[in-house]
Amino acid sequence: MGIFDKGVQKTKRSFFEKLSRAIVGKSKVDDDLLDAIEEALVASDMGVDTTLKVIDSLEERVHRDKYVSLEELTGMLRDEIGRLLDISVDKDETVKPFDFSKKPYVIMVVGVNGVGKTTTIGKLASMLKASGKKVVLGAADTFRAAAVDQLTIWAERTGVDIVKQAMGSDPASVAYDTVKSAVAKGADVVLVDTAGRLHNRIDLMNELTKIRNVMRKVIPDAPHEVLLVLDASTGQNAFQQAKEFSRATDITALAVTKLDGTAKGGVVIGIVDQFKVPVKFIGIGEGADDLKVFDKKEFVDSLFSTEDFR
């Protein structure tokens, strides 16, 4: 079983069961069948707009190519979903999650509380440390003691440096100290945690802008990445979070967690399509090694592998 197979198992089973029921006894594509496919896509939380885009494209191709079999239909779906995810990869279909030509490479991590933001940072630190990179963590979520404590545990576990201040300290001050420390230590990557509150968009925008501005006093083009962490199991709520954070700051990449525990994996496709931001990392379990660099081809192949449905 490939690394993505377990991650999309529930989504795949839900989608294919609905698709199989729709197709049984059919000899051609008709409106009922397309409606059933539409229902299956919406149920996977791909989102209505993206689903309608896929259905419209399927209708065009069916009229042009003349649908014959389930295999051809799934092939068309695979093509359409792959096309929607094209923003996630370079032309050679490889993902380049870090730009080590910039040193240190500064990543500001954003997302609401409870999506696995701090854990994702810890897993990224583990991934980078294992590849021989020097990492510095910044505990700029100073409004939540648990966030600082959790990040400290990850720093100790992975053997990377962490910069933190007292509870309630100015998050921008922590971010500034983190970047300054990283430069002094010759670090390769900086990961800055931020507060996950959406109580007031203006406050959020002001705070993230302030963090960005103070980091630029040390490194003029920092942060090089603004990584939004989303929980796949929240489905449509993840769309709302992406919308709010996109308004507050310039999101450049996504990390999608808890994909293995949900049948709503279509949210990955919908958010990429709607926000034109690539997925760079995907969480498929609780272990330190269960955060993977996103591979569009492998994701689509896993979603459409039919070995579990013989």
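Right above here is the structure, for reference.
In this text the structure is predicted, and so the values were computed from the model without any measurement.

What counts, and where the lines are drawn
Within any chain, residue numbers begin from 1 and follow the written order of that chain's sequence. A pLDDT threshold of at least 70 governs which residues receive local features in this predicted model, and a stricter bar of 80 or more applies before side-chain atom pairs are shown or counted, although totals over entire chains, interfaces and linings include all residues. As a convention, hydrogens and water are excluded, and side-chain values are obtained from all of the structure's heavy atoms. Where helices and strands are cited, they refer to DSSP runs of H or I of at least four residues and of E of at least two residues respectively, numbered from the N terminus. Three exposure classes are used, based on accessible area relative to the maximum for each residue type with a 1.4 Å probe and protein chains only: buried under 20%, partly exposed in between, and exposed over 50%. What makes two residues a contact is simply this: any of their non-hydrogen atoms within 4.5 Å. Only Phe, Tyr and Trp rings take part, Trp by its six-membered ring, and two of them pair if their centres are within 6.5 Å. Stacked means planes under 30 degrees apart, edge-to-face means over 60, and tilted covers everything else. Two thresholds decide whether a charge sits over a ring: the Lys NZ or Arg CZ must be within 6 Å of the ring centre and within 35 degrees of the ring normal. By definition, a salt bridge exists where a carboxyl oxygen of Asp or Glu is found within 4 Å of a side-chain nitrogen of Lys or Arg. Strands are treated as partners if at least two bridges between them are detected by DSSP. One less than the residue count of a helix, multiplied by 1.5 Å, gives the span that helix is expected to have. A fitted line through C-alpha atoms serves as each axis, taken over the contacting stretch for helices, and the angle formed by two N-to-C directions is quoted from 0 to 180°. Note that the term roughly parallel is reserved for angles under 35 degrees, roughly antiparallel for angles over 145, roughly perpendicular for angles of 65 to 115, and oblique for everything else. Handedness of each helix crossing follows the sense of rotation of the near helix against the far helix: counterclockwise by less than a right angle gives left-handed, clockwise gives right-handed. Whether a crossover is right-handed depends on one test, that the path from the first strand over the helix to the second runs clockwise when the strands point away from the viewer.

1. Regarding the overall build of the protein chain
In step 1: Counting its regular elements, the protein chain contains 11 helices and eight strands.
In step 2: Looking at the protein chain as a whole, 54% of its 310 residues are labelled buried.
In step 3: For the protein chain, the proportion of contacts with a sequence separation of at least 24, taken over those separated by at least 6, is 78%.

2. Regarding the packing of aromatic side chains
In step 1: Taken as a whole, this structure holds four aromatic pairs when the rule is applied.
In step 2: Here F98 and F281 contribute two aromatic rings whose centre-to-centre distance is 5.6 Å and whose plane-to-plane angle is 40 degrees, an arrangement assigned as tilted. Of this pair, F98 sits in the loop between helix 4 (70-84) and strand 1 (105-110) while F281 sits in strand 7 (residues 279-283); the two residues are 183 residues apart in sequence, bridging distant segments of the chain. Each member of the pair, F98 as well as F281, carries the same accessibility label: buried.
In step 3: Within the aromatic cluster, the residues linked to one another by ring pairs are F98, F100, Y105 and F281.
In step 4: We note K133 situated over the ring of F100; from NZ or CZ to the ring centre the distance is 4.2 Å.
In step 5: Just above the ring of W154 sits the side chain of R157; from NZ or CZ to the centre is 4.4 Å.

3. Notes on the pattern of salt bridges
In step 1: Enumeration over the complete set of coordinates arrives at 18 salt bridges.
In step 2: Between K102 and D221 there is a salt bridge; the shortest N-O distance is 3.7 Å. Linking K102 in the loop between helix 4 and strand 1 with D221 in the loop between helix 8 (201-216) and strand 5 (225-231), this pair joins segments that are 119 residues apart in sequence.
In step 3: A salt bridge links K258 to D231; the shortest N-O distance between them is 3.4 Å.

4. Focus: unusual backbone geometry
In step 1: The omega angle of the peptide bond from K103 to P104 is -5 degrees, so this bond is cis rather than trans.
In step 2: Mapped onto the elements, P104 comes out in the loop between helix 4 and strand 1.
In step 3: Residue P223 is bonded to the preceding A222 through a cis peptide linkage, with omega at -10 degrees.
In step 4: Along the chain, the position of P223 falls in the loop between helix 8 and strand 5.
In step 5: Positive phi, normally seen in glycine, also occurs at K258, with a value near 60 degrees.
In step 6: Counting through the fold element by element, K258 comes out in the loop between strand 6 (253-257) and helix 10 (266-275).
In step 7: Taking the relative accessible area as the measure of exposure, K258 reaches 32% and is therefore partly exposed.

5. As for the environment of S233
In step 1: Considering the arrangement of structural elements, one finds S233 in the loop between strand 5 and helix 9 (236-248).
In step 2: With a relative accessible area of 31%, S233 lands in the partly exposed category.

6. Notes on the pairing of strand 7
In step 1: The buried count for strand 7 comes to five of five residues, which makes it a mostly enclosed element.
In step 2: In this structure, strand 6 lies alongside strand 7, joined through three bridges in parallel fashion. Bridge pairing in strand 7 links V256 to I282.
In step 3: Here strand 7 runs beside strand 8 (residues 291-293); their pairing, made up of three bridges, is antiparallel. In the strand pairing of strand 8, F281 is matched with V293.

7. Notes on helix 9
The α-helix winds at 3.6 residues per turn, so residues separated by three or four positions along the chain end up facing the same way.
In step 1: Taking 1.5 Å per residue, 13 residues should reach 18 Å; helix 9 reaches 19 Å between its end C-alpha atoms and fits that length.
In step 2: Those residues of helix 9 that sit buried are A238, F239, Q241, A242, E244, F245 and A248.

8. Re the packing of helix 5 (residues 117-130) against helix 6 (residues 145-158)
In step 1: One can describe the packing of helix 5 onto helix 6 by two numbers: an axis separation of 9 Å at closest approach and a directional angle of 15 degrees. In terms of orientation, helix 5 lies roughly parallel with respect to helix 6. Here helix 5 and helix 6 pass one another in a crossing that is right-handed. Of the residues in helix 6, those touching helix 5 at T118, T119, I121, G122, K123, A125, S126 and K129 are A147, Q150, L151, W154 and T158.

9. A look at the pairing of strand 2 (residues 135-139)
In step 1: Most of strand 2 sits inside the fold, with five of its five residues counted as buried.
In step 2: The alternating pattern of strand 2 places V135, L137 and A139 and V136 and G138 on opposite faces, both of which are buried.
In step 3: Where strand 2 lies against strand 4 (residues 189-193), five bridges are found, and the strand directions are parallel. Counterpart to V136 in the pairing with strand 4 is V190.
In step 4: Running through helix 6, the crossover from strand 2 to the neighbouring parallel element strand 3 (residues 161-163) is right-handed.

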